[in-house]
Amino acid sequence: MNSPAPIPYAAIVLAGGRGSRLGGVDKAAVVLDDTPLLDHVLAALPDAEPVVVVAPEHATTRPVRFTLEEPPYGGPVAGIMAGLDALDESGASDLVLVVAVDMPWITRDTVARLLDAARGHDGAFLRARDGYRQLCGVVRTERLRAVRPADPDGHSVRRLLAPLDLAEVHPTAREADDVDTWADLAGG
């Protein structure tokens, strides 16, 4: 029996934050199990094409395009919009996965469940165990363009996504855990 063809999608990996709660380190370069967080996230996206990483350039295990948000450290919405602009230059897919680099426990299965849950909706996002929407989800590219704020600097992700019909995907294992502190990295 043939498995269905993968759903085409592009990806934006947000990796340009300050890492303040980690003492200002570059989260993309933080190592977990001998692998940088950026490569953990990229490993979960083997079918994404293209992939844009919003951060200064890093060595990666796969080809990606790097871009920077304007203004620097303008927040995740500024990063999402910079990534969207870079995707538009590459001929973006109908779906875009948006994920923060500090979510190293997402997997191909996480992405597949998000893509499946997005059917019939504007998108789907991973929920943490506490019900909080994580910065890991799939959105229809044209719907993301439609809610683009005039000034993304400091704009909240919650406000950006509020008008959209988003399905919820509940986590398995640690996939919805993020790394904000050193204790998070250790599983604490």
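Here goes a summary of the coordinates provided. (Residues numbered from 1 in each chain as written. Predicted model: local features only at pLDDT ≥ 70, side-chain atom pairs only at ≥ 80, totals over all residues. Heavy atoms only, no water.)

Our focus in this paragraph is the pattern of salt bridges. Overall, the coordinates contain 10 salt bridges when judged by the stated rule. When the shortest N-O distance is used, the salt bridge between K27 and D102 registers 2.8 Å. Of this pair, K27 sits in the loop between strand 1 (9-14) and strand 2 (31-32) while D102 is found in the loop between strand 6 (95-100) and helix 3 (108-117), placing the two residues 75 residues apart along the sequence. Across the pair R108 and D47 runs a salt bridge whose closest N-O atoms are separated by 3.6 Å. Of the two residues, R108 is situated in helix 3 and D47 in the loop between helix 1 (37-43) and strand 4 (48-54); the sequence distance between them amounts to 61 residues. Note on R108: relative accessible area 49%, which makes it partly exposed. When salt bridges that share partners are traced, they join D109, R113 and E175 into one network. (Salt bridge = Lys/Arg side-chain N within 4 Å of Asp/Glu carboxyl O. Helix = DSSP H or I, 4+ residues; strand = E, 2+ residues; numbered from the N terminus. Buried < 20%, exposed > 50% of the residue type's maximum accessible area, 1.4 Å probe, protein only.)

Further remarks concern empty space enclosed by the protein. Empty space among the atoms becomes apparent when a probe as large as a water molecule is rolled across them. The tally for this structure, following the rule as stated, stands at 1 cavity of 30 Å³ or more. Roughly 30 Å³ of internal volume is contained in the largest cavity. Lining the largest cavity are I80, V98, F125, L135, V139, L144, V157, L160 and L161. Those elements that provide at least two residues to the lining of the largest cavity are strand 8 (133-140) and helix 5 (157-161). Sorting elements by how many residues they give to the lining of the largest cavity places helix 5 first, with 3 residues. Each residue belonging to the lining of the largest cavity can be placed in one class, and the counts come to 9 nonpolar, no polar and no charged. (1 Å grid on protein atoms, 1.4 Å probe; cavity = no way out; pocket = protein on both sides within 12 Å on 5 of 7 lines; lining within 4 Å. Points joined across faces, edges and corners; volume = space filled by probe spheres on them. Nonpolar A, V, L, I, M, F, W, Y, C, P; charged D, E, K, R; others polar.)

Looking now at the pairing of strand 8. Buried residues dominate strand 8, accounting for 6 of its 8 residues. Both strand 6 and strand 8 contribute to a ladder of 5 bridges, which runs antiparallel. Looking at strand 8, one finds that V96 is bridged to V139. Taken together, strand 7 (residues 123-127) and the strand that follows it, strand 8, pair antiparallel across an intervening segment of 5 residues, in which G131 is found at a positive phi of about 90°. (Pairing = 2+ DSSP bridges.)

Next up on the list: the nonpolar core. Soluble globular proteins: nonpolar side chains tend toward being buried together. In this structure, V13, L45, L97 and L144 are the most contacted members of the largest nonpolar core, which totals 63 residues. If you tally residues by element for this core, the top one is helix 2 (residues 76-90), at 7 residues. When neighbours within four sequence positions are excluded, V13 is seen to be in contact with L38, V41, L42, L45, V51, V52, V53, V54, V99 and V101. (Core = buried A, V, L, I, M, F, W, Y, C linked by side-chain atoms within 4.5 Å. Contact = heavy atoms within 4.5 Å.)

Of note, the amide linkage connecting E49 to P50 takes the cis form, showing an omega dihedral of -5°. Summarising the element assignment, P50 is placed in strand 4. Between E70 and P71 the backbone carries a cis peptide bond, its omega angle lying at 5°. Relative to the helices and strands, P71 resides in the loop between strand 5 (65-67) and helix 2. Positive phi, close to 50°, is recorded for A173, a residue that is not glycine. Note on A173: relative accessible area 61%, which makes it exposed.

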